[in-house]
Amino acid sequence: MPRLVKPGDSAWNEAVSVAQMVFGSGVNLALIHHLAGRGEPLTRAQLAEELAEFSPATLSKAVGVLAQAGVLEKTPVLGPTTGRLNHAFSVKEKRIEELLGSLRLYALGAEN
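Residues numbered from 1 in each chain as written. Predicted model: local features only at pLDDT ≥ 70, side-chain atom pairs only at ≥ 80, totals over all residues. Heavy atoms only, no water.

(A) Representation of the environment of Leu31 in the model. Position of Leu31 among the secondary structure elements: in helix 2 (residues 26-38). You can call Leu31 buried: its relative accessible area is 0%. Between the alpha carbons of Leu31 and Thr75 there is a distance of 16 Å; along the sequence they are 44 residues apart. Those residues within four positions of Leu31 in sequence are excluded, and the remaining contacts are Leu47, Leu51, Leu59, Ala62, Val63 and Leu66. (Helix = DSSP H or I, 4+ residues; strand = E, 2+ residues; numbered from the N terminus. Buried < 20%, exposed > 50% of the residue type's maximum accessible area, 1.4 Å probe, protein only. Contact = heavy atoms within 4.5 Å.)

(B) Region of the structure containing helix 4 (residues 56-68). Taking 1.5 Å of rise per residue, the 13 residues of helix 4 would be expected to cover 18 Å, and the 18 Å separating its terminal C-alpha atoms lies within 8% of that figure. Those residues of helix 4 that fall on the buried side of the exposure criterion are Leu59, Ala62, Val63 and Leu66. Down the axis of helix 4, the buried set is contained in an arc of 105 degrees. They therefore lie on one face. Of the residues in helix 4, the exposed ones pointing more than 90 degrees away from the buried face are Ala57, Lys61 and Gln68. Buried residues along helix 4 sit against helix 1 (14-23), helix 2, helix 3 (44-50), strand 2 (72-78) and strand 3 (85-91). One or two residues past the end of helix 4 sits Gly70, with phi positive at roughly 85 degrees. (Expected span 1.5 Å × (residues − 1). Arc of directions from axis to C-beta.)

(C) Fine view of the packing of aromatic side chains. In the structure shown here, the tally under the stated rule is one aromatic pair. Aromatic side chains Trp12 and Tyr106 sit 5.1 Å apart centroid to centroid with 90 degrees between the ring planes, which places their arrangement in the edge-to-face category. Remark: Tyr106 occurs in helix 5 (residues 93-107) and Trp12 occurs in the segment before helix 1; sequence separation between them is 94 residues. On the accessibility criterion, Tyr106 (21% relative accessible area) is partly exposed. (Phe/Tyr/Trp six-rings, centres within 6.5 Å; stacked < 30°, edge-to-face > 60°.)

Below, the structure is given as structure tokens:
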């Protein structure tokens, strides 16, 4: 069985497929909500600490998926104690709005 079921109609497009992946997961939505509410970039470690109801591995995977989908912006930062290069993540509101718009058009039957 496919991981994500995709309808065969002509209105289904890549943007709708990405929106389904991004918004079809509670972990993804919790990450987006948390980052949007913070207004500042957070590292994976900070996210794991602040969203303790999810395992660090689950959060790390979700962060990767959202960054690849263009929903999260990845900014290089140095670790405060180790000095090692790390990444902090923040939401890209414009991309989220675009994906929500595609999902809305598809769900309501509007033609692109």
